[in-house]
Amino acid sequence: MLNTDLLVSKFKKLYPESPNPRIFAGPGRINVIGGHTDYNLGFVLPCAVDREIIVVAGNRGDDKLKLFSLDYEEGFETTLDDLKFNNNKKWANYLMGVFSVLMADGFKLKGMNIVFGGNIPQGGGMSSSAALEVAVAYAVRALQEINLSDLNLVKACQKAENKFVGVMCGIMDQFASAMSKKDQLLFLDCADLSYKFIPLNFPDLSFFVSDTKKQRTLASSEYNKRREQCTEATNIFKGLDPKVRGLRDVSIPEFEKNKEKIPLPARKRAEHVVYEIDRVKKAAEALKNNNLEMLGEIERSSMKSMKETFEISCPELDAMVEIADSVKGVYGTRIIGGGFGGCTLSLVKNSALKELETKIMTEYPKRTGLLPEFWVVRSADGAREIV
Ligand code: GLA
């Protein structure tokens, strides 16, 4: 469990000028299906989980931003008129990004003192960065009493990541971190941001997240490259039908009919996305029909497509997926973040959890030389103030 008291006492020690800080939590997320569909305006099926970033925050009278990361045990100080990307303290960019975007949107902000920490693996595919952005935005909104709807808060956090941090992510992570409800999956339409909840009534099912511990060095540049390739394919379909807004508007038959017009590798990227969007709809049906076997098959074909067609896997992710999927009682396993390392999600029967853990611990280090970590995570409510 995260120690909120520790964060608060650190805050009080560092910033005696803010005696009454408030506390906000932004959860990480898993995504049951819908890999790289969000920025193609497709569907996703995520939920927030019981791993989170806690932000302890207080107002200042001036325009200074004083930040402290408990996990890195380091501080960072700047002023609101001097917010710029910092290469040495990468973590500070997520916080500065939120302030910068909100000010660019016209909000007159004052300085703040912040201490934060969390238990979401970093850069691992459970969206620690979105969780941090959302928790900071909640803190700014509440403490500075700005008029910002939940949806605009989500959009501002995505913009912070796109414009300030420089990762062209879609909206799924920030949306899931802010809008989730416990015991539900969020079926989100990324074209118009309408959503509904699908109840998670599966007492015998666990969400098992494994961290490959493979550093995602290529992650942001390859992520942006995938996004450009999807845009390239989208533009070709737009040329055929101006009503196409994103790959979401291309049906499977239309794709098959016209795919030769798209150069490689963009054609393969589009193929993954068009079929993956269809898989999200099928997965939602399978869940409604309590058909976990079917859901597992869909998970497995999603993973195959991410590996062979979208090409965002790596030997470590492949090893984790193969080991997990070989355990009886595992329905399916797939990458849950941008790819190139980080975490996988296995949908697994509770009765198979022990065997899954043992098999990963014995086989994964032998195959990769890395020591993995894993957790059973539970669905959770979206961001909140802790009172
Ligand atoms: C990252 C991004 C999301 C989404 C996923 C892949 O988590 O932040 O917007 O694109 O990758 O599904």
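Here we summarise the structure given alongside this text.

**Quick look at the overall build of the protein**
- Scanning the protein from terminus to terminus reveals 11 helices and 13 strands.
- A globule of 387 residues ought to have a C-alpha radius of gyration of about 21 Å, and the protein, at 21 Å, matches this closely.
- Each of the three principal axes of the protein carries a C-alpha extent, and together these read 60 × 50 × 40 Å.
- Buried residues in the protein amount to 58% of all 387 residues.
- A separation threshold of at least 6 residues defines the contact pool for the protein, and within that pool the share at least 24 residues apart is 70%.
- Only carbon and sulfur atoms are counted for the fraction: they give 49% of the accessible area of the protein, which is about 16400 Å².
- The average position of the 53 basic charges and that of the 51 acidic charges among the side chains of the protein differ by 1 Å.

**Digging into the site of the ligand**
- Close contacts around the ligand come from 13 residues, with His36, Asp38, Gly170, Asp173 and Tyr223 the closest.
- Take glycine 170: an N or O atom from its main chain is 2.9 Å from an oxygen atom of the ligand.
- Aspartate 173 is positioned such that a nitrogen or oxygen atom in its side chain is 2.6 Å from an oxygen atom of the ligand.
- Its free accessible area being 310 Å², the ligand has 92% of it covered by the protein chains.
- Looking at the shell around the ligand residue by residue, the classes come out as four nonpolar, six polar and three charged.

**Overview of unusual backbone geometry**
- In this structure, the amide linkage connecting leucine 264 to the following residue, proline 265, adopts the cis form with an omega of 0°.
- Looking at the secondary structure, you find proline 265 in the loop between α7 (252-258) and α8 (266-288).
- At leucine 41, a position not held by glycine, the phi torsion is positive, near 65°.
- Secondary-structure assignment places leucine 41 in the loop between β1 (22-31) and β2 (43-44).
- Among the residues examined, leucine 41 registers a relative accessible area of 23% and is labelled partly exposed.
- Even without being glycine, lysine 213 reaches a positive phi, approximately 65°.
- Locating lysine 213 in the fold gives a position in the loop between β9 (205-211) and α6 (219-240).
- Given the relative accessible area of 34%, lysine 213 is considered partly exposed.

**Notes on the packing of helix α2 (residues 90-104) against helix α4 (residues 150-165)**
- The interhelical angle for the contact between α2 and α4, taken along N-to-C directions, is 110°, at an axis separation of 8 Å. Relative to α4, the element α2 is oriented roughly perpendicular. The handedness of the crossing between α2 and α4 comes out as right-handed. Facing α2, whose interface residues are Asn93, Tyr94, Met96, Gly97, Val98, Ser100, Val101 and Leu102, α4 presents Ala156, Lys159, Ala160, Glu161, Phe164 and Val165.
- Within the contact of α2 with α4, the residues separate by chemical class into nine nonpolar, three polar and two charged.

**A look at the pattern of salt bridges**
- Applying the stated criterion to the full structure yields 26 salt bridges.
- Salt-bridge contacts for glutamate 260 lead to arginine 267; the nearest nitrogen and oxygen are separated by 3.7 Å.
- Across the salt bridge formed by lysine 304 and glutamate 308, the nearest N and O atoms sit 3.1 Å from each other. Taken together, the positions of lysine 304 and glutamate 308, both in helix α9 (residues 292-308) and four residues apart, correspond to about one turn of that helix.
- Note on glutamate 308: relative accessible area 40%, which makes it partly exposed.
- A single salt-bridge network, built from bridges that share partners, covers Glu17, Arg60 and Asp62.

**Focus on the sheet that holds β9**
- Spatial strand order, β10-β11-β9-β12: four strands in an open sheet with antiparallel pairing. Only two strands of the sheet have a single partner each, and these edge strands are β10 (330-335) and β12 (373-377). Taken pair by pair, the neighbouring strands of this sheet meet at an average axis angle of 20°, ignoring direction.
- For β9 and β12, the ladder comprises five bridges, and the chain directions are antiparallel.

**Focus: the side chain of serine 210**
- Here serine 210 lies in strand β9.
- Not counting chain neighbours up to four residues away, the residues in contact with serine 210 comprise Met320, Gly342, Cys343, Thr344, Ile360, Glu373 and Phe374.

**Considerations on the environment of aspartate 211**
- Topologically, aspartate 211 is positioned in strand β9.
- Each C-alpha atom, one on aspartate 211 and one on glycine 342, is 5.6 Å from the other, the two residues being 131 residues apart in sequence.
- With residues near it in sequence (within four places) discarded, aspartate 211 still touches Pro121, Met320, Gly342, Cys343, Pro372, Glu373 and Trp375.
- A distance of 2.9 Å separates the side chain of aspartate 211 from the backbone nitrogen of lysine 213, its partner in a polar contact.

Conventions we followed
Residues numbered from 1 in each chain as written. Predicted model: local features only at pLDDT ≥ 70, side-chain atom pairs only at ≥ 80, totals over all residues. Heavy atoms only, no water. Helix = DSSP H or I, 4+ residues; strand = E, 2+ residues; numbered from the N terminus. Rg over C-alpha atoms; globule rule 2.2 N^0.38 Å. Buried < 20%, exposed > 50% of the residue type's maximum accessible area, 1.4 Å probe, protein only. Contact = heavy atoms within 4.5 Å. Areas by Shrake-Rupley, 256 points an atom, 1.4 Å probe, with all protein chains shown as cover. Lys, Arg positive; Asp, Glu negative; His and termini not counted. Charge placed at Lys NZ, Arg CZ, Asp CG, Glu CD. Near = heavy atom within 4 Å. Polar contact = N/O pair within 3.5 Å; in protein donor to acceptor, adjacent residues only side chain to side chain. Nonpolar A, V, L, I, M, F, W, Y, C, P; charged D, E, K, R; others polar. Axes fitted to C-alpha atoms, helices over the stretch in contact; angles between N-to-C directions. Parallel < 35°, antiparallel > 145°, perpendicular 65-115°, else oblique. Left-handed = near helix turned anticlockwise from the far one by under 90°. Salt bridge = Lys/Arg side-chain N within 4 Å of Asp/Glu carboxyl O. Pairing = 2+ DSSP bridges.

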